[in-house]
Amino acid sequence: MSPAARTQSFLAAWILALLAVFYAFPACGMYSWLAIGLSAAGAVLVGIRLHQPANRLPWYLLSAVVASFTLGDTTYNILTDYLGYVRPFPSPAEVFYLAVYPMLAIALLVFIRARSGADNRAALLDALVPTAGLGLLSWVLLIAPYVHDTDLGMGEKLASVAYPLGDVLALAMLSRLLIGGGRKPVALHVLAGGVISLLVTDVVYGLRQLEGTWQVGGPVDAGWVLFYAAIAMCALHPSMRELTTVARTAGSRTGAGGRRIVAMALAALIAPAVLLVEDLRGGVEDALMIAAASSSMFLLVIARVAGLIQAQRETAARERALRITGADLVGARGEDEVGKAVVKALGAIVPAGEPYRFHFHRADAAPDTPTGLVGTGWVTVADLPGEAAAELAGFEAALYAESVSGAWSEGGLPRRNYAYLAGRPEMLSPVQPAFEALMAQGTLAIDRITLTNEINRRSSQDYFKALIQSASDVILIVDEDEQIRYASPSALPVFGRTDLVGTSLYRLIAGTDHTELRQLLEQVRTGRGRRDGIDLTAISGDDLLLQVECTCRDLRAEPAVAGLVVTIRDVTERRRLENDLAHQAYHDTLTGLANRALFQSRLELAARQATETYRSVAVLFVDLDDFKEVNDSLGHAAGDQLLVEAGRRVAAAAGPFTTVARTGGDEFAVLVENAGSHSEIEWLAVRIIDALSQPIEVADGTGGRHLVSTTASVGVAAGAQATEITELLRRADTAMYLAKTDGKSTWRRYQDELHDAMMRRLEMRTALNEAVSGDQMRLRFQPIVDLPTSEVVAMEALVRWEHPVRGLLGPNEFIELSEETGSIVAIGSWVLREALRTFAGWRQTVSGSLLRYVSVNVSARQFRAPGFVDQVRRVLAETGAQPEWLLLEITESLVLHDADQVWQDLRALRAMGVRIAIDDFGTGYSSLSYLSQMPVDVLKIDKSFIDDILDNTQQLALVDTIVSLARTLDLAVVAEGIELDEHRQVLAGMGCPYGQGYLFSKPVTADQIGQWLYAHSY
């Protein structure tokens, strides 16, 4: 016995026992009655917990109904038994009694909405007709006497009338619930019995109250006990779950059955019967209510008839659509055309504007399954297989049809077809007959097409024989003893021999695969296991090994074959290609190392194993420093050579028990499984940096050889959980980028504060994108002086960033970031425009007219931006500046990369009148021999050369050589970073004409320069 059945049995016995106590011991009646009510209310809550209905609200309301009714009885008993009131009415108990009816009505309404899915106009009208009739009876028998009783006060009248009205409301809800379509579960019948018991008992109670014969403890009380018990039993029955789910119907719900018509007819006769009875008694006292009830029922019937007419029209339209579809299906020549015809018909039978979805899928059926339509009906979308449920998502219910069609090829299996039409339940019910008829027609059409195809197939057997004769696959027929009885002509090119008939099949296959071949043949003979696509090693006539794919079919039952058909396909070349492709898919084509996909896969496996063994894995990210400079200066071919050698060195340093991968352009990653202590991993990072710090020889595109000194930045992170893979990679990446920002050629192990620093860097990148548009850029100007005379001859424009939070930032804090993000182009354009606009203003003053030019730095990215030369021309025109007032400072690497295009642009700028300077000369990859060819005018010696000229004779000689060479090539020289007067004197003595630095002035604002110019004008 199930828990629910045991609980029901126990509750029934308990209530019967309490009822016996109630009647046997009137003195304990109040307590036994209270126990009965609270037991029933509690049983409803137990039923909710046992059966877990989809919607618990109506059941909680039913529990509250029983509890409220019981509290009303208890209150009444206290008033009469303990406080001495004699038949108090109305009393505080009425509050609990009258609360029963709205809660009961709401609970029934929730059931109605859940079972119908939405409004059902036909069922509602069918329910209202008998409700109107019974409401009239309630008025005549119960309500009117109270209304016309002059001895009752207003409160007594209202309370007396409220009970019959509550019964009518409950009756209306119950009628609508029962008239709704679909199967009626046991719980619904029990619930209906309980509510009817309540209504009947209330009527008897009302009549006895009118007669003055009501007594507590009489047989009428058993009716309320039955109501309590029915509510409890209903909640404890497993079918109670169906009361909050959509009711399934087998056809249209708009039609009216025989019993329903009889019920509505009897209800319609109530008004004339009441009128007749009152007339026979000598006077019609309720003419107004009789007229109102008659009119209401008449209008309800008219509305019902109109609904039936509309339903008939829709049915006729569906039948017409089915006739048209039948003609289309007769002419269909394939499954696709059948499917199109069915989809078109569904669009016709489904009401316009109604949302729906159609899904069709098939599966193999057993060989001897009969064909035809197997079944139709309703199904819950949530209970369908995954693919179908996903296709029909958004709908709760669907109609389905299942059919079986014949095989489309000889030896094939029949197919089981499933069709689903999902939509709102109130739409599916009237459409169901048409849907089933349509599916039957579609099934017949597919069977007809299948039969036609079978006839055509058999008439084409000669054609297929010719195909076999020319097939590239080797087709063999094998007897029971594995002797070959037939071999197709394609055996010669594959095996190099034609004398296969009478040979054992095992002689064609290498001995290492005999067991697998034997298992294949056994599985086919017994009809179990796989039958297709096993890989074997075959032996050709030249004793060469071949990779073949072998399939087998059991055609012993076919008289024309009477054996096993073995098909052998030579896949040697395909397998080799697949292996090559697999290797390419998981390895870097340039370095031969693992690629990102293979690295990720091995990392996931290592992390899972580390989780199981409580070990740790470590990841090292390796990024070559300034690799772009090699590509820019020596070309991509040299860069590729550098990457290959770098990958080899990283792998050698990491050792054989690690995975080394190339994960990006100049990025490598190292996976260390079962990582030891932090010191071991850090020592590995040091070895990698040392290995990559040694110069690497590469060749440029012209055949020249170069020794490239490169370094690497390494980020280290370790973890032990499989769920930390993404976080582990992120940490290693963060540590690597922090190593770069710390000066490169070093390693960093991830720590939380590194992540914070990286986040600050990301915030800077974001803020930098808005710096120009947000008017946050500022210019500072540093004078360039004539070293012999200390006269100011020019200005260099230097950019600063007025960060909204961090204040004024120097270029070393944001220029590198702007290069990475590309915002350097916008910043450079702003600097060029503002510098020329400011300089043009200075030139209007007396002292400012003596200034020769303003120097502006141009990044390589800005210079290579399309239209840079035109931009310079446009800015000169907009600011009114002369071309000779502008000196553009570029880097050596820019001149050496894409030399033809860059030099062409430089010549165009010089032809315009703009002068060009090489900034930080001597710190790049160029050689002095390039100077004679470069289209430049000025060399700017880097500060690092100037700092040591007082103490280092070699440095002094180098600077002197640069100045002499520039003089020979007719190039002006500007020394940067002059901080001491001794620097100025030495540089002037060697013939360096110009210089700048803190000795003369730090970078100052345009206003300060303007004040200085104004002061020197007088």
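It should be emphasised that the depicted structure is a prediction, and the values quoted were computed from it without experimental measurement.

A.B. asks: Is there a simple way to think about the overall build of the protein in this case?
C.D. replies: Along its length, the protein carries 34 helices and 25 strands. Burial status across the protein gives 47% buried among its 1018 residues.

A.B. asks: Can you help me understand the sheet that holds strand β11 (residues 658–662) in this one?
C.D. replies: Pairing between the strands of a sheet is mediated by backbone hydrogen bonds and can be parallel or antiparallel. With respect to topology, five strands assemble into an open sheet ordered β11-β12-β10-β15-β16, the strand pairing being mixed. The sheet is open, and its two borders are formed by β11 and β16 (747–749), each paired with just one other strand. Averaged over all pairs of adjacent strands, the angle between strand axes in this sheet comes to 15°, irrespective of strand direction. Here strand β10 (residues 617–624) pairs with strand β12 (residues 667–672) via six bridges, running antiparallel. If you follow A618 over to β12, its bridge partner there is V672.

A.B. asks: Any chance you could explain helix α19 (residues 596–613) here in plain terms?
C.D. replies: Helical geometry note: an α-helix holds 3.6 residues per turn, so side chains three or four residues apart project in the same direction. Compared with the 26 Å implied by 1.5 Å per residue over 18 residues, the 25 Å span of α19 between its first and last C-alpha is a close match. Buried residues in α19 make contact with β10, β11, β12 and α23 (725–741). Among the residues of α19, the N-terminal cap falls to N595, whose side-chain oxygen and the backbone nitrogen of A597 are separated by 3.3 Å. Of the residues flanking the end of α19, it is Y614, one or two places downstream, whose phi is positive at about 60°.

A.B. asks: Can you help me understand the sheet that holds strand β2 (residues 372–380) in this one?
C.D. replies: The four strands are arranged β1-β4-β3-β2 in an open sheet whose pairing can be described as antiparallel. A strand with exactly one partner marks an edge of an open sheet, and here the two such strands are β1 (356–364) and β2. Along the sheet, successive strands turn relative to each other by an average axial angle of 15°, direction set aside. In this sheet, strand β3 (residues 397–405) lies alongside β2 in antiparallel orientation, the contact comprising eight bridges. Within β3, the position partnered with G372 by the bridge is V404. Against the sheet, helix α12 (residues 335–349) contacts β1 and β4 (415–423), and its axis sits at roughly 150° relative to β1.

A.B. asks: How should I be thinking about the environment of A712 in this particular structure?
C.D. replies: Mapped onto the secondary structure, A712 falls in strand β15 (residues 712–719). By relative accessible area, which is 0% here, A712 ends up buried. Sequence separation of A712 and K744 is 32 residues, and the distance between their C-alpha atoms is 6.7 Å. Residue contacts for A712: discarding those within four places in its chain leaves V622, D623, L624, D625, I689, L692, S745 and T746.

A.B. asks: Before we go on, may I ask you to explain the nonpolar core in this structure?
C.D. replies: W801, F863, V872, L888, L909, V959 and L987 are the most contacted members of the largest nonpolar core, which totals 72 residues. If near-sequence neighbours (up to four positions away) are discounted, L909 is found in contact with F863, F868, V869, V872, L888, V914 and I916. A40, L62, A107 and L188 belong to the second largest nonpolar core, which has 53 residues in total.

A.B. asks: Hey, could you run me through the packing of aromatic side chains in this one?
C.D. replies: Where two aromatic rings form a pair, the distance of their centres and the angle of their planes describe that pair. For the structure shown, the criterion picks out 10 aromatic pairs. A ring pair is formed by W801 and F814, whose centres lie 5.8 Å apart and whose planes are at 75°; its orientation type is edge-to-face. Here F814 lies in the loop between β19 (807–809) and α25 (815–821) and W801 lies in strand β18 (residues 791–803), a separation of 13 residues in the sequence. Comparing W801 with F814 shows no difference in burial state: the two are buried. Between F839 and W885, the aromatic rings sit 6.0 Å apart at their centres with planes inclined by 65°, giving edge-to-face as the arrangement. Here W885 lies in the loop between α28 (868–879) and β21 (886–890) and F839 lies in helix α26 (residues 824–842), a separation of 46 residues in the sequence. Taken as a pair, F839 and W885 share a single burial class, namely buried.

A.B. asks: Would you mind going over the pattern of salt bridges with me for this structure?
C.D. replies: If the charged atoms of two oppositely charged side chains come close together, the side chains can form a pair. Counted under the stated rule, the structure contains 33 salt bridges. Here R525 ties to E480 by a salt bridge, and the two come within 3.4 Å at their closest N and O atoms. Note that R525 is positioned in helix α17 (residues 514–526) and E480 in the loop between β5 (474–478) and β6 (484–487), a separation of 45 residues in sequence. When the shortest N-O distance is used, the salt bridge between R837 and E834 registers 2.7 Å. You can see R837 and its partner E834 sitting in helix α26, three residues apart, about one turn around the helix. Using a relative accessible area of 47% as the deciding quantity, one classes R837 as partly exposed. Each of E480, E482, R525, D554 and R556 takes part in salt bridges that share partners, so that together they form one network.

A.B. asks: Honestly, the environment of G347 in this entry has me stumped. Any pointers?
C.D. replies: Along the chain, G347 turns up in helix α12. Look at G347 and you get partly exposed, because its relative accessible area is 41%.

A.B. asks: Looking at this model, I keep getting lost on a nonpolar patch on the surface. Mind explaining?
C.D. replies: A contiguous nonpolar surface patch, about 560 Å² in accessible area, is contributed by Y31, I78, Y82, L83 and Y85. Judged by its relative accessible area of 49%, Y82 falls in the partly exposed class.

A.B. asks: Before we go on, may I ask you to explain unusual backbone geometry in this structure?
C.D. replies: Negative phi is the rule for most residues except glycine; trans is the rule for most peptide bonds. Unusually for a residue other than glycine, A562 sits at a positive phi of about 55°. Inspection of the secondary structure puts A562 in the loop between β8 (545–555) and β9 (563–570). Note on A562: relative accessible area 41%, which makes it partly exposed. For D775, which is not glycine, the phi dihedral falls at a positive 55°. In this fold, D775 is placed in the loop between α24 (752–768) and β17 (777–786).

About the cut-offs
- Residues numbered from 1 in each chain as written.
- Predicted model: local features only at pLDDT ≥ 70, side-chain atom pairs only at ≥ 80, totals over all residues.
- Heavy atoms only, no water.
- Helix = DSSP H or I, 4+ residues; strand = E, 2+ residues; numbered from the N terminus.
- Buried < 20%, exposed > 50% of the residue type's maximum accessible area, 1.4 Å probe, protein only.
- Pairing = 2+ DSSP bridges.
- Axes fitted to C-alpha atoms, helices over the stretch in contact; angles between N-to-C directions.
- Expected span 1.5 Å × (residues − 1).
- Contact = heavy atoms within 4.5 Å.
- Polar contact = N/O pair within 3.5 Å; in protein donor to acceptor, adjacent residues only side chain to side chain.
- Core = buried A, V, L, I, M, F, W, Y, C linked by side-chain atoms within 4.5 Å.
- Phe/Tyr/Trp six-rings, centres within 6.5 Å; stacked < 30°, edge-to-face > 60°.
- Salt bridge = Lys/Arg side-chain N within 4 Å of Asp/Glu carboxyl O.
- Patch = residues over 30% accessible without salt bridge, like charges linked within 9 Å, V, L, I, M, F, W, Y side chains within 5 Å.
- Areas by Shrake-Rupley, 256 points an atom, 1.4 Å probe, with all protein chains shown as cover.

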